[in-house]
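# Fold and contact review
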Amino acid sequence: MNWADAGFELFGARVLWTDLVGNVAALATVLLAMRKSIWTWPVQFTGAVLLFIASINAHITGNALKQALFGVLAVYGWWAWRRGTQGGGQLSVRPASPRERAVLVAVMLAGTAVVGVLFFYTGLSWGAHVPLPEGAFLVAADAYIFVGSAVATWAQGRALVDFWIVWVAVDLVGVPLAFSSGLVVSGTVYGVFFVLVIVGFVKWLREYRSEQDSPGQLAVAS
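Keep in mind that this is a model prediction, so the values were computed, not measured.

### A word on empty space enclosed by the protein
Under the definition given, this model contains 3 cavities of 30 Å³ or more. Its volume calculated, the largest cavity comes out at about 340 Å³. Lining the largest cavity are 26 residues, with Ala-26, Val-30, Phe-70, Trp-167 and Phe-193 positioned closest to its centre. Secondary-structure elements contributing two or more residues to the lining of the largest cavity are helix H1 (17–34), helix H2 (40–57), helix H3 (61–84), helix H5 (134–157), helix H6 (163–180) and helix H7 (184–213).

Spelled out as structure tokens, the structure:
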């Protein structure tokens, strides 16, 4: 057994260390994002690497690709937030404009369809090897999580309050999929995520409203 397969038994379920530590980092990412800390992004990058390994071992290709994308977007987010706070300014958060919201929804819908077809015909999603109609649902779920996670992380890099809501939509599918795939820790953490993203959304929205009432030296991520 190599280090990537190392783990322990918990209540009759096999828990991988990569899954556990990666999800701890993912939880820390949410808490850091609430505080708008620049450490959000290095921690997210670390968690993405560990969860990529865990997903590969569990044969969840869509989730593995999602983690790879997280790694890339973590670099973008770090750059955007660093740029947005140059000169000592506080990172400014804001709701997405109607046009931006329309784009986010359109990208999620069209992206899920395109990626779903790609996952199915290339076999990148494990659901592509499951008989229909269950297989089609699993492929669609993989594609939805992949695209939704990318959209949420990009919106987070832009400091858009709406990114929390996108995460809620992703978690509604991610929680049951993780449990059904045997990633107990991931499923449990996704459930915790659901609560934290609601708290994060309320916190960012309050900060935005407070900034509007008493504007100071603020910076916008780009």
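### Focus on H1
Here H1 spans 26 Å end to end across 18 residues, near enough to the 26 Å set by a 1.5 Å rise per residue. Within the span of H1, buried status applies to Thr-18, Asp-19, Gly-22, Asn-23, Ala-25, Ala-26, Thr-29, Val-30, Ala-33 and Met-34. At the exit of H1 stands Lys-36, carrying a positive phi of roughly 55 degrees.

### Some remarks on the pattern of salt bridges
Oppositely charged side chains are able to pair whenever their charged atoms sit close together. A complete count under the given rule lists 4 salt bridges for this structure. Between Glu-207 and Lys-203 there is a salt bridge; the shortest N-O distance is 2.6 Å. One end of the pair is Glu-207 and the other is Lys-203, both in helix H7 and 4 residues apart, which spans about a single turn. Exposure remark for Lys-203: the relative accessible area of 33% places this residue in the partly exposed category. Because the salt bridges share partners, they merge into one network encompassing Lys-36, Lys-203 and Glu-207.

### A word on the packing of H5 against H6
The contact between H5 and H6 brings their axes to 9 Å, and the two run at 155 degrees. The pairing of H5 with H6 is recorded here as roughly antiparallel in orientation. As H5 packs across H6, the resulting crossing turns out to be left-handed. In this structure, H5 uses Leu-138, Ala-141, Asp-142, Tyr-144, Ile-145, Gly-148, Ser-149, Val-151, Ala-152, Thr-153, Ala-155 and Gln-156 to contact H6, whose residues at the interface are Phe-163, Val-166, Trp-167, Ala-169, Val-170, Val-173, Gly-174 and Leu-177.

Thresholds applied
Residues numbered from 1 in each chain as written. Predicted model: local features only at pLDDT ≥ 70, side-chain atom pairs only at ≥ 80, totals over all residues. Heavy atoms only, no water. 1 Å grid on protein atoms, 1.4 Å probe; cavity = no way out; pocket = protein on both sides within 12 Å on 5 of 7 lines; lining within 4 Å. Points joined across faces, edges and corners; volume = space filled by probe spheres on them. Helix = DSSP H or I, 4+ residues; strand = E, 2+ residues; numbered from the N terminus. Expected span 1.5 Å × (residues − 1). Buried < 20%, exposed > 50% of the residue type's maximum accessible area, 1.4 Å probe, protein only. Salt bridge = Lys/Arg side-chain N within 4 Å of Asp/Glu carboxyl O. Axes fitted to C-alpha atoms, helices over the stretch in contact; angles between N-to-C directions. Parallel < 35°, antiparallel > 145°, perpendicular 65-115°, else oblique. Left-handed = near helix turned anticlockwise from the far one by under 90°. Contact = heavy atoms within 4.5 Å.

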